[in-house]
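The lines below spell out each chain.
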Amino acid sequence: MEPTRKATPIIIPVLVIVILFYCMPNAAAATFNVLDFGAKADGRTDSSKAFTSAWAQACASAQPASILVPKGRFLVGSTTFSGQCANKAISFEIQGTLVAPSDYNILANKGTWLLFEHVDGVSIRSGVLDGQGTILWDCKNSNDGSCPSGATTLEFTNSKNIVISGLTSMNSQMFHIVINACQNVKAQGITITADGNSPNTDGIHVQGSSDITILTSKIRTGDDCISIGPGTTNLWIENIACGPGHGISIGSLGKDENEAGVQNVTVKTVTLSGTQNGVRIKTWGRPSNSFVRDVIFQDATIVNAQNPIVIDQNYCPNNEGCPGQASGVKISDITYKNIHGTSATEVAVKFDCSSKNPCSGIKLEDLKLTYKNQAAQASCVHASGDALGLEQPQSCLS
Ligand SMILES: *[C@@H]1O[C@H](CO)[C@@H](O)[C@H](O)[C@H]1NC(C)=O
(Lines give C-alpha, C1' and ligand atoms only; values in the text may rest on other atoms or scores of the structure.)
Protein backbone atom coordinates (compact mmCIF):
# COMPACT_ATOMS: atom_id res chain seq x y z
CA MET A 1 0.00 0.00 0.00
CA GLU A 2 2.73 2.41 0.97
CA PRO A 3 4.43 2.84 -2.46
CA THR A 4 1.08 3.29 -4.28
CA ARG A 5 -0.06 6.07 -1.95
CA LYS A 6 3.24 7.88 -2.43
CA ALA A 7 3.04 7.59 -6.24
CA THR A 8 -0.56 8.83 -6.51
CA PRO A 9 0.21 12.60 -6.36
CA ILE A 10 2.61 12.17 -9.30
CA ILE A 11 0.54 9.76 -11.36
CA ILE A 12 -2.56 11.98 -11.44
CA PRO A 13 -0.90 15.10 -12.97
CA VAL A 14 0.97 12.89 -15.43
CA LEU A 15 -2.27 11.20 -16.47
CA VAL A 16 -3.95 14.58 -16.91
CA ILE A 17 -1.12 15.80 -19.15
CA VAL A 18 -1.17 12.58 -21.19
CA ILE A 19 -4.95 12.78 -21.64
CA LEU A 20 -4.79 16.47 -22.65
CA PHE A 21 -1.97 15.76 -25.09
CA TYR A 22 -3.94 13.08 -26.89
CA CYS A 23 -7.34 14.74 -26.77
CA MET A 24 -6.63 18.39 -27.58
CA PRO A 25 -5.52 17.93 -31.19
CA ASN A 26 -8.60 15.78 -31.82
CA ALA A 27 -10.96 18.35 -30.38
CA ALA A 28 -9.52 21.06 -32.62
CA ALA A 29 -10.60 21.10 -36.25
CA ALA A 30 -8.55 19.27 -38.83
CA THR A 31 -7.48 21.84 -41.43
CA PHE A 32 -7.25 21.12 -45.13
CA ASN A 33 -5.50 23.80 -47.16
CA VAL A 34 -6.49 23.73 -50.84
CA LEU A 35 -2.87 24.52 -51.78
CA ASP A 36 -1.90 21.10 -50.38
CA PHE A 37 -4.31 19.53 -52.87
CA GLY A 38 -2.77 21.29 -55.87
CA ALA A 39 -4.79 24.52 -56.05
CA LYS A 40 -2.93 27.46 -57.61
CA ALA A 41 -3.58 31.03 -56.48
CA ASP A 42 -2.86 32.42 -59.96
CA GLY A 43 -6.44 32.94 -61.17
CA ARG A 44 -5.68 30.87 -64.31
CA THR A 45 -5.05 27.27 -63.31
CA ASP A 46 -8.24 25.25 -62.86
CA SER A 47 -8.29 24.40 -59.15
CA SER A 48 -11.64 22.58 -59.15
CA LYS A 49 -10.09 19.16 -58.41
CA ALA A 50 -8.13 20.54 -55.45
CA PHE A 51 -11.34 21.94 -53.96
CA THR A 52 -13.21 18.66 -54.44
CA SER A 53 -10.33 16.66 -52.92
CA ALA A 54 -10.08 18.98 -49.90
CA TRP A 55 -13.86 18.65 -49.48
CA ALA A 56 -13.67 14.84 -49.68
CA GLN A 57 -11.13 14.77 -46.82
CA ALA A 58 -13.03 17.31 -44.71
CA CYS A 59 -16.27 15.42 -45.28
CA ALA A 60 -14.67 12.09 -44.33
CA SER A 61 -13.08 13.52 -41.19
CA ALA A 62 -14.61 12.22 -37.98
CA GLN A 63 -13.63 15.49 -36.29
CA PRO A 64 -14.76 19.00 -37.18
CA ALA A 65 -12.88 20.10 -40.26
CA SER A 66 -11.97 23.35 -41.89
CA ILE A 67 -11.03 23.98 -45.49
CA LEU A 68 -8.64 26.86 -45.90
CA VAL A 69 -8.56 28.92 -49.07
CA PRO A 70 -5.61 31.29 -48.67
CA LYS A 71 -5.17 34.71 -50.26
CA GLY A 72 -5.09 34.87 -54.03
CA ARG A 73 -7.42 34.12 -56.94
CA PHE A 74 -8.50 30.55 -57.54
CA LEU A 75 -10.14 29.55 -60.81
CA VAL A 76 -12.87 27.06 -59.97
CA GLY A 77 -15.38 25.50 -62.36
CA SER A 78 -18.82 24.15 -61.56
CA THR A 79 -18.30 22.14 -58.35
CA THR A 80 -20.59 20.08 -56.12
CA PHE A 81 -19.91 19.59 -52.42
CA SER A 82 -22.06 16.65 -51.34
CA GLY A 83 -22.90 15.11 -47.98
CA GLN A 84 -23.62 13.10 -45.99
CA CYS A 85 -20.40 13.77 -44.11
CA ALA A 86 -18.81 12.00 -41.14
CA ASN A 87 -18.92 15.19 -39.04
CA LYS A 88 -21.36 18.06 -38.60
CA ALA A 89 -18.96 21.00 -38.54
CA ILE A 90 -17.15 21.82 -41.77
CA SER A 91 -16.13 25.40 -42.31
CA PHE A 92 -14.76 27.02 -45.41
CA GLU A 93 -12.32 29.73 -44.34
CA ILE A 94 -11.91 31.79 -47.47
CA GLN A 95 -9.21 34.47 -47.39
CA GLY A 96 -8.98 34.82 -51.14
CA THR A 97 -11.27 34.92 -54.17
CA LEU A 98 -12.89 32.12 -56.13
CA VAL A 99 -13.15 33.08 -59.79
CA ALA A 100 -15.56 31.48 -62.27
CA PRO A 101 -14.35 30.54 -65.77
CA SER A 102 -14.44 33.52 -68.10
CA ASP A 103 -16.35 31.54 -70.77
CA TYR A 104 -19.87 31.81 -69.36
CA ASN A 105 -21.05 28.68 -71.19
CA ILE A 106 -18.95 26.46 -68.90
CA LEU A 107 -21.08 27.34 -65.85
CA ALA A 108 -24.30 28.14 -67.67
CA ASN A 109 -24.54 24.57 -68.89
CA LYS A 110 -24.44 23.33 -65.29
CA GLY A 111 -26.90 25.82 -63.83
CA THR A 112 -24.95 26.25 -60.57
CA TRP A 113 -21.35 27.27 -59.92
CA LEU A 114 -20.84 26.13 -56.28
CA LEU A 115 -23.46 23.64 -55.12
CA PHE A 116 -23.76 22.19 -51.60
CA GLU A 117 -26.24 19.33 -51.28
CA HIS A 118 -27.28 17.07 -48.40
CA VAL A 119 -24.87 18.78 -46.01
CA ASP A 120 -25.41 19.38 -42.29
CA GLY A 121 -23.37 21.88 -40.28
CA VAL A 122 -21.44 23.65 -43.04
CA SER A 123 -20.30 27.23 -42.68
CA ILE A 124 -18.70 29.58 -45.16
CA ARG A 125 -16.69 32.37 -43.62
CA SER A 126 -15.60 35.46 -45.52
CA GLY A 127 -14.05 35.33 -48.97
CA VAL A 128 -15.10 36.59 -52.38
CA LEU A 129 -16.95 34.74 -55.15
CA ASP A 130 -16.55 36.36 -58.55
CA GLY A 131 -19.05 34.89 -61.02
CA GLN A 132 -17.63 36.80 -64.02
CA GLY A 133 -21.15 37.39 -65.32
CA THR A 134 -20.70 40.67 -67.18
CA ILE A 135 -20.30 39.19 -70.66
CA LEU A 136 -23.41 37.05 -70.21
CA TRP A 137 -25.41 40.11 -69.04
CA ASP A 138 -24.30 41.99 -72.15
CA CYS A 139 -25.45 39.04 -74.24
CA LYS A 140 -28.84 38.95 -72.48
CA ASN A 141 -29.25 42.72 -72.70
CA SER A 142 -28.52 42.65 -76.43
CA ASN A 143 -31.70 40.59 -76.53
CA ASP A 144 -30.89 38.27 -79.39
CA GLY A 145 -32.48 35.35 -77.50
CA SER A 146 -29.55 33.00 -78.00
CA CYS A 147 -27.83 33.45 -74.64
CA PRO A 148 -28.06 30.77 -71.93
CA SER A 149 -29.90 31.65 -68.73
CA GLY A 150 -26.69 31.34 -66.70
CA ALA A 151 -25.67 29.82 -63.38
CA THR A 152 -26.43 30.53 -59.73
CA THR A 153 -23.21 31.40 -57.91
CA LEU A 154 -23.78 29.58 -54.59
CA GLU A 155 -26.59 27.16 -53.76
CA PHE A 156 -27.45 25.11 -50.71
CA THR A 157 -30.03 22.43 -51.38
CA ASN A 158 -31.53 19.76 -49.08
CA SER A 159 -29.23 20.91 -46.29
CA LYS A 160 -29.47 22.08 -42.70
CA ASN A 161 -27.64 24.04 -40.02
CA ILE A 162 -25.80 26.29 -42.44
CA VAL A 163 -23.97 29.56 -41.71
CA ILE A 164 -22.82 31.96 -44.40
CA SER A 165 -21.01 34.94 -42.92
CA GLY A 166 -18.90 37.76 -44.24
CA LEU A 167 -19.08 36.46 -47.79
CA THR A 168 -18.93 38.73 -50.85
CA SER A 169 -20.56 37.61 -54.09
CA MET A 170 -19.96 39.73 -57.16
CA ASN A 171 -20.98 39.62 -60.79
CA SER A 172 -23.03 36.47 -60.59
CA GLN A 173 -24.27 35.17 -63.95
CA MET A 174 -27.73 34.64 -62.52
CA PHE A 175 -28.90 34.40 -58.85
CA HIS A 176 -26.10 35.07 -56.36
CA ILE A 177 -27.18 32.85 -53.44
CA VAL A 178 -29.99 30.26 -53.45
CA ILE A 179 -31.29 28.48 -50.35
CA ASN A 180 -33.51 25.63 -51.51
CA ALA A 181 -35.15 22.93 -49.37
CA CYS A 182 -33.04 23.81 -46.35
CA GLN A 183 -33.65 24.11 -42.63
CA ASN A 184 -31.90 26.45 -40.21
CA VAL A 185 -29.73 28.73 -42.33
CA LYS A 186 -28.13 31.91 -41.05
CA ALA A 187 -26.67 34.38 -43.53
CA GLN A 188 -25.06 37.51 -42.17
CA GLY A 189 -22.65 40.20 -43.20
CA ILE A 190 -23.14 39.32 -46.85
CA THR A 191 -22.13 41.76 -49.57
CA ILE A 192 -23.64 41.29 -53.01
CA THR A 193 -22.74 43.42 -55.98
CA ALA A 194 -23.82 43.32 -59.59
CA ASP A 195 -24.71 46.02 -62.08
CA GLY A 196 -28.15 47.61 -61.75
CA ASN A 197 -28.78 46.49 -65.34
CA SER A 198 -27.73 42.87 -64.90
CA PRO A 199 -30.69 40.56 -65.67
CA ASN A 200 -31.90 37.92 -63.16
CA THR A 201 -29.09 38.53 -60.69
CA ASP A 202 -31.28 38.17 -57.55
CA GLY A 203 -29.21 38.63 -54.41
CA ILE A 204 -30.53 35.92 -52.07
CA HIS A 205 -33.36 33.60 -53.11
CA VAL A 206 -35.08 31.38 -50.53
CA GLN A 207 -37.57 28.64 -51.35
CA GLY A 208 -38.92 25.45 -49.81
CA SER A 209 -37.01 26.29 -46.63
CA SER A 210 -37.73 27.05 -42.99
CA ASP A 211 -35.99 28.83 -40.12
CA ILE A 212 -33.90 31.11 -42.28
CA THR A 213 -32.27 34.32 -40.99
CA ILE A 214 -30.69 36.96 -43.19
CA LEU A 215 -28.98 39.73 -41.23
CA THR A 216 -26.89 42.84 -41.78
CA SER A 217 -26.18 42.58 -45.47
CA LYS A 218 -25.64 44.97 -48.37
CA ILE A 219 -27.15 44.01 -51.69
CA ARG A 220 -26.69 45.96 -54.93
CA THR A 221 -27.96 44.10 -57.94
CA GLY A 222 -30.07 44.08 -61.11
CA ASP A 223 -33.04 42.05 -59.83
CA ASP A 224 -34.64 41.35 -56.43
CA CYS A 225 -32.27 41.94 -53.51
CA ILE A 226 -34.05 39.15 -51.67
CA SER A 227 -36.69 36.95 -53.32
CA ILE A 228 -38.90 34.55 -51.43
CA GLY A 229 -40.28 31.56 -53.29
CA PRO A 230 -42.93 28.90 -52.60
CA GLY A 231 -42.68 26.86 -49.41
CA THR A 232 -40.79 29.40 -47.31
CA THR A 233 -41.69 29.51 -43.60
CA ASN A 234 -40.20 31.23 -40.55
CA LEU A 235 -37.98 33.66 -42.42
CA TRP A 236 -36.40 36.61 -40.59
CA ILE A 237 -34.76 39.41 -42.57
CA GLU A 238 -33.20 42.31 -40.67
CA ASN A 239 -30.84 45.18 -41.28
CA ILE A 240 -30.54 45.03 -45.06
CA ALA A 241 -29.42 47.79 -47.40
CA CYS A 242 -30.81 47.16 -50.89
CA GLY A 243 -30.26 49.15 -54.07
CA PRO A 244 -29.96 49.26 -56.90
CA GLY A 245 -32.26 46.31 -57.38
CA HIS A 246 -35.91 45.34 -57.55
CA GLY A 247 -36.42 45.38 -53.78
CA ILE A 248 -37.52 42.65 -51.38
CA SER A 249 -40.07 40.40 -53.00
CA ILE A 250 -42.33 37.53 -52.02
CA GLY A 251 -42.95 35.77 -55.32
CA SER A 252 -43.63 35.19 -57.98
CA LEU A 253 -46.00 32.68 -56.42
CA GLY A 254 -48.88 30.72 -57.84
CA LYS A 255 -47.41 29.76 -61.16
CA ASP A 256 -48.35 26.15 -60.44
CA GLU A 257 -51.80 24.89 -59.51
CA ASN A 258 -50.33 22.93 -56.59
CA GLU A 259 -47.81 24.98 -54.72
CA ALA A 260 -46.59 25.35 -51.12
CA GLY A 261 -47.37 28.72 -49.56
CA VAL A 262 -45.29 31.31 -47.74
CA GLN A 263 -45.87 31.82 -44.03
CA ASN A 264 -44.37 33.79 -41.14
CA VAL A 265 -41.97 36.23 -42.76
CA THR A 266 -40.53 39.25 -40.93
CA VAL A 267 -38.72 42.00 -42.82
CA LYS A 268 -37.34 44.56 -40.38
CA THR A 269 -35.07 47.61 -40.48
CA VAL A 270 -34.34 47.71 -44.17
CA THR A 271 -33.30 50.54 -46.46
CA LEU A 272 -34.25 50.38 -50.10
CA SER A 273 -32.62 53.08 -52.22
CA GLY A 274 -33.35 53.73 -55.86
CA THR A 275 -35.01 50.37 -56.25
CA GLN A 276 -37.80 49.43 -58.65
CA ASN A 277 -39.98 48.18 -55.77
CA GLY A 278 -39.75 48.54 -52.04
CA VAL A 279 -41.55 45.59 -50.50
CA ARG A 280 -43.55 43.50 -52.94
CA ILE A 281 -45.80 40.47 -53.06
CA LYS A 282 -46.28 39.15 -56.57
CA THR A 283 -48.46 36.28 -57.80
CA TRP A 284 -49.38 34.92 -61.19
CA GLY A 285 -52.88 35.63 -62.45
CA ARG A 286 -53.84 31.98 -62.74
CA PRO A 287 -55.34 29.19 -60.60
CA SER A 288 -53.30 27.91 -57.65
CA ASN A 289 -53.80 26.65 -54.10
CA SER A 290 -50.85 28.69 -52.82
CA PHE A 291 -50.98 31.38 -50.11
CA VAL A 292 -49.07 34.12 -48.34
CA ARG A 293 -49.87 34.76 -44.68
CA ASP A 294 -48.44 36.26 -41.50
CA VAL A 295 -45.97 38.68 -43.02
CA ILE A 296 -44.62 41.83 -41.34
CA PHE A 297 -42.73 44.59 -43.12
CA GLN A 298 -41.52 46.90 -40.38
CA ASP A 299 -39.22 49.92 -40.00
CA ALA A 300 -38.37 50.39 -43.65
CA THR A 301 -36.86 53.45 -45.26
CA ILE A 302 -37.61 53.62 -48.95
CA VAL A 303 -35.85 56.16 -51.14
CA ASN A 304 -37.28 56.95 -54.56
CA ALA A 305 -38.72 53.51 -55.41
CA GLN A 306 -41.13 53.17 -58.34
CA ASN A 307 -43.50 51.04 -56.20
CA PRO A 308 -42.65 51.43 -52.52
CA ILE A 309 -45.42 49.08 -51.30
CA VAL A 310 -47.02 46.75 -53.80
CA ILE A 311 -49.12 43.62 -54.03
CA ASP A 312 -49.50 42.53 -57.64
CA GLN A 313 -51.72 39.50 -58.20
CA ASN A 314 -51.96 39.94 -61.95
CA TYR A 315 -48.47 38.95 -62.97
CA CYS A 316 -48.57 37.46 -66.44
CA PRO A 317 -45.34 37.97 -68.33
CA ASN A 318 -45.79 38.30 -72.08
CA ASN A 319 -49.51 37.61 -71.51
CA GLU A 320 -48.86 33.91 -71.87
CA GLY A 321 -50.94 31.24 -70.11
CA CYS A 322 -52.93 33.59 -67.86
CA PRO A 323 -54.84 36.38 -69.62
CA GLY A 324 -58.21 37.04 -68.06
CA GLN A 325 -57.64 34.65 -65.15
CA ALA A 326 -57.68 35.45 -61.44
CA SER A 327 -54.88 34.47 -59.11
CA GLY A 328 -55.68 31.56 -56.81
CA VAL A 329 -53.11 32.70 -54.25
CA LYS A 330 -54.75 33.76 -50.98
CA ILE A 331 -52.97 36.69 -49.34
CA SER A 332 -53.85 37.44 -45.70
CA ASP A 333 -52.53 39.04 -42.53
CA ILE A 334 -49.88 41.29 -44.01
CA THR A 335 -48.66 44.17 -41.81
CA TYR A 336 -46.83 47.28 -42.99
CA LYS A 337 -45.57 49.21 -39.98
CA ASN A 338 -43.46 52.36 -39.75
CA ILE A 339 -42.56 52.66 -43.40
CA HIS A 340 -41.16 56.02 -44.43
CA GLY A 341 -39.66 57.53 -47.53
CA THR A 342 -40.25 58.70 -51.05
CA SER A 343 -41.93 57.32 -54.13
CA ALA A 344 -40.75 57.89 -57.68
CA THR A 345 -44.38 57.60 -58.86
CA GLU A 346 -47.64 59.10 -57.65
CA VAL A 347 -49.02 55.78 -56.37
CA ALA A 348 -46.83 54.74 -53.46
CA VAL A 349 -49.11 52.01 -52.10
CA LYS A 350 -50.70 49.65 -54.58
CA PHE A 351 -52.78 46.61 -53.65
CA ASP A 352 -53.92 44.94 -56.86
CA CYS A 353 -55.41 41.74 -55.43
CA SER A 354 -57.24 38.78 -56.88
CA SER A 355 -60.96 39.06 -57.63
CA LYS A 356 -61.29 35.39 -56.72
CA ASN A 357 -59.22 35.61 -53.50
CA PRO A 358 -59.27 39.20 -52.23
CA CYS A 359 -56.44 40.24 -49.91
CA SER A 360 -57.63 40.33 -46.30
CA GLY A 361 -56.23 41.36 -42.94
CA ILE A 362 -53.90 44.02 -44.34
CA LYS A 363 -52.70 46.33 -41.58
CA LEU A 364 -51.16 49.70 -42.24
CA GLU A 365 -49.55 51.46 -39.30
CA ASP A 366 -47.56 54.67 -39.47
CA LEU A 367 -46.88 55.06 -43.16
CA LYS A 368 -45.25 58.21 -44.47
CA LEU A 369 -44.51 58.07 -48.15
CA THR A 370 -44.28 61.19 -50.28
CA TYR A 371 -44.14 61.88 -54.00
CA LYS A 372 -42.40 65.10 -55.07
CA ASN A 373 -42.67 66.42 -51.50
CA GLN A 374 -46.43 65.90 -51.45
CA ALA A 375 -48.69 63.19 -50.17
CA ALA A 376 -48.56 60.16 -52.42
CA GLN A 377 -51.60 58.08 -53.41
CA ALA A 378 -52.82 54.62 -52.49
CA SER A 379 -54.75 52.33 -54.80
CA CYS A 380 -56.74 49.29 -53.71
CA VAL A 381 -58.46 46.59 -55.73
CA HIS A 382 -60.04 43.70 -53.78
CA ALA A 383 -58.11 44.58 -50.61
CA SER A 384 -59.44 44.87 -47.06
CA GLY A 385 -57.95 45.66 -43.67
CA ASP A 386 -57.26 48.51 -41.25
CA ALA A 387 -55.05 51.55 -41.00
CA LEU A 388 -53.86 53.30 -37.88
CA GLY A 389 -51.42 56.03 -36.91
CA LEU A 390 -49.90 58.15 -39.65
CA GLU A 391 -51.73 57.62 -42.93
CA GLN A 392 -49.66 59.05 -45.76
CA PRO A 393 -50.95 58.16 -48.24
CA GLN A 394 -54.48 57.90 -46.98
CA SER A 395 -55.58 54.28 -46.79
CA CYS A 396 -57.90 52.91 -49.44
CA LEU A 397 -58.55 49.57 -47.70
CA SER A 398 -62.17 48.50 -47.40
C1 LIG B 1 -41.98 32.72 -36.95
O2 LIG B 1 -40.63 32.71 -37.34
C3 LIG B 1 -39.74 33.12 -36.31
C4 LIG B 1 -38.35 33.10 -36.91
O5 LIG B 1 -38.27 33.94 -38.00
C6 LIG B 1 -39.85 32.19 -35.13
O7 LIG B 1 -39.01 32.67 -34.09
C8 LIG B 1 -41.28 32.15 -34.65
O9 LIG B 1 -41.39 31.20 -33.63
C10 LIG B 1 -42.20 31.76 -35.79
N11 LIG B 1 -43.58 31.84 -35.36
C12 LIG B 1 -44.39 30.81 -35.47
C13 LIG B 1 -45.79 31.07 -35.00
O14 LIG B 1 -44.05 29.73 -35.91
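- The name an unreviewed UniProt entry assigns to the protein chain is Polygalacturonase, from the organism Arachis hypogaea.
- Reading the Subcellular location (unreviewed entry) entry of the UniProt record for the protein chain gives the comment "Secreted, Cell wall".

## Some words on the packing of aromatic side chains
Reasoning step 1: Scanning the model with the defined rule gives 12 aromatic pairs in all.
Reasoning step 2: On the numbers, 5.6 Å between centres and 70° between planes, the contact of Trp 55 with Phe 81 is edge-to-face. Placement of the pair is Trp 55 in helix α2 (residues 48-60) and Phe 81 in strand β5 (residues 79-82), with a sequence separation of 26 residues.
Reasoning step 3: Here Trp 55 falls in the buried class, since its relative accessible area comes to 4%.
Reasoning step 4: Using a relative accessible area of 2% as the deciding quantity, one classes Phe 81 as buried.
Reasoning step 5: Consider the rings of Phe 81 and Phe 92, whose centres lie 5.4 Å apart with planes at 75°: the pair is edge-to-face. Taken together, the residues span a long stretch of sequence, with Phe 81 in strand β5 and Phe 92 in strand β6 (residues 90-94) at a distance of 11 residues. Exposure class is identical for Phe 81 and Phe 92. Each is buried.
Reasoning step 6: Each member of the aromatic cluster is reached from another via a ring pair, and the members are Trp 55, Phe 81, Phe 92, Phe 116 and Phe 156.
Reasoning step 7: Residue placement shows Arg 293 over the ring face of Phe 291; its charged tip is 3.8 Å from the ring centre.

## Describing the sheet that holds strand β11 (residues 152-157)
Reasoning step 1: Strand order in the open sheet formed by 11 strands is β5-β8-β11-β14-β17-β19-β21-β23-β25-β27-β30, with parallel pairing between adjacent strands. The strands lining the two open edges of the sheet, one partner per strand, are β5 and β30 (377-381). When the angles between neighbouring strand axes are averaged without regard to direction, this sheet yields 15°.
Reasoning step 2: In the sheet, β11 pairs with strand β14 (residues 177-180) via four bridges, with the strands oriented parallel. When the bridges of β14 are listed, Phe 156 appears paired with Ile 179.
Reasoning step 3: Lying over the sheet, α2 contacts β5 and β8 (112-117), oriented at roughly 0° with respect to β5.

Conventions used here
- Residues numbered from 1 in each chain as written.
- Predicted model: local features only at pLDDT ≥ 70, side-chain atom pairs only at ≥ 80, totals over all residues.
- Heavy atoms only, no water.
- UniProt positions renumbered as here; feature names shortened; annotations may be inferred.
- Phe/Tyr/Trp six-rings, centres within 6.5 Å; stacked < 30°, edge-to-face > 60°.
- Helix = DSSP H or I, 4+ residues; strand = E, 2+ residues; numbered from the N terminus.
- Buried < 20%, exposed > 50% of the residue type's maximum accessible area, 1.4 Å probe, protein only.
- Lys NZ or Arg CZ within 6 Å of the ring centre and 35° of its normal.
- Pairing = 2+ DSSP bridges.
- Axes fitted to C-alpha atoms, helices over the stretch in contact; angles between N-to-C directions.
- Contact = heavy atoms within 4.5 Å.

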